[in-house]
Amino acid sequence: MSRLFGSSEPKPRSYADRARDGLASLGQKASDAQFEAEGLLGLRPKTAEEQLYEACCPSLSYQTRLIGFCLCMVASFVLALFASFMMRRLIWRGDAAPFAIAYTLDNVVAILGSMFMAGPTAQLKTMCAPKRRVSTTIYVLALA
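Everything numeric here is computed off the predicted structure, so don't read it as measured data.

(A) Main features of the overall build of the chain. Counting its secondary structure elements, the chain contains seven helices and zero strands. For the chain, the succession of helices and strands along the chain, N to C, is α-α-α-α-α-α-α. Per-residue burial for the chain yields a buried fraction of 18% across its 144 residues. A sequence separation of at least 24 residues applies to 64% of the contacts in the chain between residues at least 6 apart. Total accessible area on the chain is roughly 11200 Å²; 67% of this is exposed by carbon and sulfur atoms.

As structure tokens, this is what we get:
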């Protein structure tokens with residue numbers, strides 16, 4: 001039957017076609033990297049998105065980032081401990097609200113801690129990158 005209607009399998013691509021596509025994607029990746037490097041070094045004007053990030057999240061010193069990270073991680077640990085104690089209440093009484101609140105706050109504080117360490121601007125850029133938008137959206141919706 002496949003001889004009558006043609007094969008549904010795609011034709012194998014030649015080595016030259018695959019190499020050309022690979023080089024084109026490398027060129028695109030290199031130009032993206034160059035654009036990012038120029039932005040970090042201040043060699044090009046800032047985009048509207050970068051201006052918005054800087055307005056919302058001013059630059060922090062390393063010491064401030066480290067203190068914020070440590071405080072957030074300690075708070076996250078305390079909330080995780082509290083959530084584990086609330087797990088008994090969930091199992092014995094079926095009351096999920098205290099566990100859910102403590103667990104959600106634990107995750108939010110842990111994200112804030114990573115924002116301190118990486119820098120708020122870099123963290124937001126990373127979370128909003130095209131490759132991570134879907135996973136970030138799913139994670140935030142799962143916390144809600």
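There is more to say after this.
(B) Quick peek at the pattern of salt bridges. Here the structure, examined in full by the defined rule, presents one salt bridge. Its salt-bridge partner being R89, residue D95 comes within 3.4 Å of it at the nearest N-O pair. For D95, a relative accessible area of 27% puts it in the partly exposed group. With relative accessibility at 33%, the residue R89 sits in the partly exposed group.

(C) Representation of helix α6 (residues 120-127) in the model. Among the residues of α6, those classed as buried are P120, Q123 and M127. End-on view of α6: buried residues confined to an arc of 65°, all on one side of the axis. Here the buried face of α6 lies against α5 (97-118) and α7 (133-143).

(D) Region of the structure containing a nonpolar patch on the surface. Taken together, the side chains of V74, F77, V78, L81 and F85 present a nonpolar region at the surface, about 500 Å² in accessible area. Mapped onto the elements, V74 comes out in helix α4 (residues 62-93). The class for V74 is exposed, based on a relative accessible area of 53%.

The rules behind these values
- Each chain carries its own residue numbering, running from 1 in the written order of its sequence.
- Per-residue local features are limited, in this predicted model, to residues with pLDDT of at least 70; the limit for side-chain atom pairs, both in listing and counting, is 80 or more; totals at the level of whole chains, interfaces and linings are taken over all residues.
- Remark: hydrogens and water are excluded; side-chain values derive from all non-hydrogen atoms of the structure.
- Numbering of helices and strands runs from the N terminus; a helix is a DSSP stretch of H or I covering at least four residues, while a strand is a stretch of E covering at least two.
- Only protein chains enter the calculation, and the probe is 1.4 Å; a residue is then buried if its accessible area is under 20% of its type maximum, exposed if over 50%, and partly exposed in between.
- In this description, contact between two residues means that some pair of their heavy atoms is separated by no more than 4.5 Å.
- Accessible surface is estimated by sampling points in the Shrake-Rupley manner with a 1.4 Å probe; for residues, cover comes only from the protein chains shown.
- The working definition used for a salt bridge is a side-chain nitrogen of Lys or Arg within 4 Å of a carboxyl oxygen of Asp or Glu.
- Note that the arc is computed from the directions linking the helix axis to the C-beta atoms.
- Within this analysis, patches are made of residues with over 30% relative accessible area and no salt bridge. Like charges are joined at 9 Å or less; nonpolar side chains (Val, Leu, Ile, Met, Phe, Trp, Tyr) at 5 Å or less.

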